[in-house]
Amino acid sequence: MTTINGKKDHDLPLEKEIEQFLLERGAIKVGFATRETLAGPPNADITYIIPEARSAISYALPFDKDIIRDYLSKKDFDGHEKNRFDLNYRSIKISNELAQWLTEKGYESKRIISNNNYKKEIKGWQATMPPRLSHRYVAVASGVGSFGWSGNVGMKGYGTTILLGTVVTTAELEPTQPLPPEESFCTKCKLCTKVCSAEMFSKDEEVTFTLGGIEYTHSARNGYVRCQYVCGGFTGLHKNGKFSTWSPGRFPIPETNEEIYKAMGRAVRRYATWPERTRKDGYINESAPGINIRLTCGFCQNICWGNPKDTAENYKIITESGCIIQNLDGSMTVLPPKEAEEYFRSLPKKHQKKYCIDRT
Ligand code: SF4
Ligand code: SF4
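Parameters and conventions
- Residues numbered from 1 in each chain as written.
- Chains lettered and ligands numbered in written order.
- Predicted model: local features only at pLDDT ≥ 70, side-chain atom pairs only at ≥ 80, totals over all residues.
- Heavy atoms only, no water.
- Core = buried A, V, L, I, M, F, W, Y, C linked by side-chain atoms within 4.5 Å.
- Buried < 20%, exposed > 50% of the residue type's maximum accessible area, 1.4 Å probe, protein only.
- Helix = DSSP H or I, 4+ residues; strand = E, 2+ residues; numbered from the N terminus.
- Domains from an automatic or database assignment.
- Contact = heavy atoms within 4.5 Å.
- Near = heavy atom within 4 Å.
- Nonpolar A, V, L, I, M, F, W, Y, C, P; charged D, E, K, R; others polar.
- Pairing = 2+ DSSP bridges.
- Axes fitted to C-alpha atoms, helices over the stretch in contact; angles between N-to-C directions.
- Polar contact = N/O pair within 3.5 Å; in protein donor to acceptor, adjacent residues only side chain to side chain.
- Phe/Tyr/Trp six-rings, centres within 6.5 Å; stacked < 30°, edge-to-face > 60°.
- Buried area = accessible area lost by both parts, 1.4 Å probe.
- Salt bridge = Lys/Arg side-chain N within 4 Å of Asp/Glu carboxyl O.

## A look at the nonpolar core
Formed by 67 residues in total, the largest nonpolar core has its most connected members in Ile18, Leu22, Ile57, Leu98, Leu102, Tyr229 and Phe299. Among the elements that make up this core, the one with the highest residue count is helix 3 (residues 78–104) (6 residues). The residues that make up this core include at least three from each of domain 1 (3–185) and domain 2 (224–352). Ignoring any residue separated from it by four or fewer positions in sequence, one finds leucine 22 in contact with Ala27, Val30, Ile57, Tyr59, Ile94 and Leu98.

What follows is the structure in structure tokens.
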């Protein structure tokens, strides 16, 4: 008989067994949602994954905050990229194990991979990126976390520096309660909006929607194309010119999404001519086949640590971290904004043209 922690599986309720299973593998919180507690948004529909599904299991894994600080201060890109890949891989492995274990117990179960997993039958999915099932909705409905102003999900003490994992199952699990507002990690400091070069989140406008009969609100999102353009690595210099993401792109970030699509088309063609980064890695996103993506931002997620003091410190670190310039050999140089501009202008014109459109 399957055992967890040396106990026979009939010694504990299934929910407790699942919780132990996940905690033993590094989860910091576990929760359960049902069709009823997930009722509402189409991307919260677990029957899309398994028609007879009854429940979804949500859990959170923590990112390494020391590695995040080195990333935000532009001391080290590779460490965070590796931490992100490793954690995503770990979550896929854990979810697979859990789904398999539940299936062996007689409950059809499927894991939802952590990212890059879209409803491709929807027209224009490459732009809107509708997830097969939203990890965020399951996490909020089950009380694993709550929405921050950015719409990212977080927890007190961790903020949004967590990775969510989800498994859908035909097992009938007792739902756990969503977090009450007073348990929210979000202080509405809105620093997440200030570090987004893409201006993806509105500072003032909200969206309100219902999930499982409960009303939730977060900032209005201005279109995922904005994040694809910036976090996808094609450009990174903030409009104020004072700091950048880890992307050496210096293309403009226009006001409208229509203009962004055009700007991104140009930037993607130039991106293909950039020398390879010193550490070769990256991944292919299903929405942009053939392009090796290096996620270069994630600032809205990484800035928010679940307490005002650390989040404010992260804001200072990001905005004083300088600007990235890519050298001819692919390596990166980080300089304060004015020196970065001067250094960029000192590079061969042919090289400059790979990163901007406004130079002759
Ligand atoms: S950075 Fe501030 S406003 Fe944004 S999600 Fe975190 S606490 Fe909320
Ligand atoms: S990852 Fe970067 S570009 Fe994307 S929404 Fe967050 S802050 Fe904006």
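## Here's the deal with the site of ligand 1
What surrounds ligand 1 is the set Gly148, Trp149, Cys186, Thr187, Lys188, Cys189, Lys190, Cys192 and Cys304. Grouping the amino acids of the shell around ligand 1 by side-chain chemistry returns 5 nonpolar, 2 polar and 2 charged.

## A short note on the sheet that holds strand 4 (residues 55–62)
One open sheet holds the 4 strands; their spatial order is 3-4-8-5, and the pairing between them is antiparallel. Looking at which strands have only one partner, the edges of the open sheet turn out to be strand 3 (29–34) and strand 5 (109–112). Taking each pair of neighbouring strands and ignoring which way they run, the sheet shows an average axis angle of 20 degrees. The sheet contact formed by strand 5 and strand 8 (residues 162–169) spans 4 bridges and is antiparallel. Across the sheet, the residue bridging to arginine 111 is valine 167, located in strand 8. The sheet strands contacting helix 3 are strand 4, strand 5 and strand 8, and the helix crosses strand 8 at an angle near 20 degrees.

## Points about the side chain of threonine 169
Within the element layout of this structure, threonine 169 appears in strand 8. Classification of threonine 169 as buried rests on a relative accessible area of 0%. Engagement of the side chain of threonine 169 in a polar contact is seen with the side chain of serine 109, the distance being 3.0 Å. Once residues within four sequence positions are removed from consideration, threonine 169 is found in contact with Ile50, Ala53, Arg54, Ser55, Ile57, Leu102, Tyr107, Glu108 and Ser109.

## Side note on the packing of aromatic side chains
One pass over the structure, following the stated rule, counts 14 aromatic pairs. Here phenylalanine 234 and tyrosine 271 contribute two aromatic rings whose centre-to-centre distance is 4.7 Å and whose plane-to-plane angle is 70 degrees, an arrangement assigned as edge-to-face. Remark: tyrosine 271 occurs in helix 8 (residues 257–271) and phenylalanine 234 occurs in the loop between helix 7 (224–230) and helix 8; sequence separation between them is 37 residues. Accessibility expressed as a relative area gives 13% for tyrosine 271, which makes it buried. The rings of Phe234, Tyr271, Trp274, Phe344 and Tyr355 are connected pair by pair, giving a single aromatic cluster.

## Looking at the domain arrangement of the protein
Looking at the protein, the domain boundaries give domain 1 (3–185) and domain 2 (224–352). Summarising the inter-unit geometry, the C-alpha centres of domain 1 and domain 2 are found 28 Å apart. Each side of the interface is counted separately: domain 1 has 37 residues, and domain 2 has 35 residues. Buried surface at the junction of domain 1 and domain 2, summed over both partners, amounts to about 3,100 Å²; 53% is from carbon and sulfur atoms. On the domain 1 side of the contact with domain 2, Arg69, Leu72 and Lys74 bury the most area, a combined 25% of that side's loss. Counting across the interface, domain 1 meets domain 2 through 1 salt bridge. Across the pair aspartate 310 and arginine 69 runs a salt bridge whose closest N-O atoms are separated by 3.8 Å. Secondary structure elements with two or more residues in the side of domain 1 that touches domain 2: helix 2 (65–72), helix 3 and helix 4 (125–128). Here the side of domain 1 that touches domain 2 is built from residues that sort into 14 nonpolar, 11 polar and 12 charged.

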